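Examining the three-dimensional arrangement
Here is how the chains run, residue by residue.
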Amino acid sequence: MSEPPVSNPSMPGSVDPLRVRPRLHALAKVWWLFLLRGIAAILFGALAFAWPGLAILSFVLLYGAFALVDGIFALVAAIRGRGSDAFPTWWLVLVGLAGVAAGIATAVWPGITALVLVSFIGAWALVRGIFEIVGAIQLRKEIDNEWWLVASGVLSVLFGVVVLAAPGAAAVGLIWTVAAFSIITGVALIAFSLRLRKHADHG
């Protein structure tokens, strides 16, 4: 019994897997940036748990710094993962821009009330989550059972809704909520990055 033909981009009539799954391949090239985003989220969450008595304004400024770093990593991932025929990671650009905007806003306007800053961070989390879900929907045709990016997006949306619904919650409770969200989201992003790495190794 003859073996099935092996796909080879250099052979006429063969199917190039990079053309079949351009979005997945574009992200797989920068899997390590998703890993860095996950590590940054976990580190931020751990710091927040370590300093439960941190003033809410200082905490929001720290979270703004995390949002800025996350946004930069997302933008770099979008630029470095840009495909040759298309730009399939526009949603990642929007995630990055939202993070950079949140980080800059908290740094430029530290004099506004902590309540406004908290609301701004909640809006950032909501926007980030929506576009991560959009990205996961785009990827569903190219990778089976991809739930980690969906989980990260859903958690971000839920966190944004909770913060926007009760921005004046007690400082300690809010800090612990944000810390838990960051750690869980970080784990989801790390798991997603490892799936991308597996594809990169076999792509």
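Bear in mind the structure is a predicted one, so any value in this text is a computation, not a measurement.

Here we come to the nonpolar core. Ranked by size, the top nonpolar core spans 23 residues in total, and within it F59, Y63, F66, W124, F159 and V178 carry the most contacts. Among the secondary structure elements, those contributing two or more residues to this core are α3 (31-50), α4 (56-80), α5 (90-108), α6 (114-139), α7 (148-165) and α8 (171-202). In terms of nonpolar packing, the next biggest core, distinct from the first, is built from 18 residues, L24, V30, V95 and A136 among them.

Let us look at α7. A rise of 1.5 Å per residue sets the reference length of α7, with its 18 residues, at 26 Å; its end C-alpha atoms lie 26 Å apart and thus fit the reference within 8%. Restricting attention to buried positions, one finds in α7 the residues L149, S152, G153, S156, F159, G160 and V163. Viewed along the axis of α7, the buried residues span an arc of 130 degrees, placing them on a single side of the element. In α7, those exposed residues whose orientation departs by more than 90 degrees from the buried face are L158 and A165.

On to the side chain of T106, then. Turning to its location among the elements, T106 is positioned in helix α5. Given the relative accessible area of 1%, T106 is considered buried. Within the structure, the side chain of T106 is placed 2.9 Å from the backbone oxygen of G103, a separation counted as a polar contact.

The rules we used
Residues numbered from 1 in each chain as written. Predicted model: local features only at pLDDT ≥ 70, side-chain atom pairs only at ≥ 80, totals over all residues. Heavy atoms only, no water. Core = buried A, V, L, I, M, F, W, Y, C linked by side-chain atoms within 4.5 Å. Buried < 20%, exposed > 50% of the residue type's maximum accessible area, 1.4 Å probe, protein only. Helix = DSSP H or I, 4+ residues; strand = E, 2+ residues; numbered from the N terminus. Expected span 1.5 Å × (residues − 1). Arc of directions from axis to C-beta. Polar contact = N/O pair within 3.5 Å; in protein donor to acceptor, adjacent residues only side chain to side chain.

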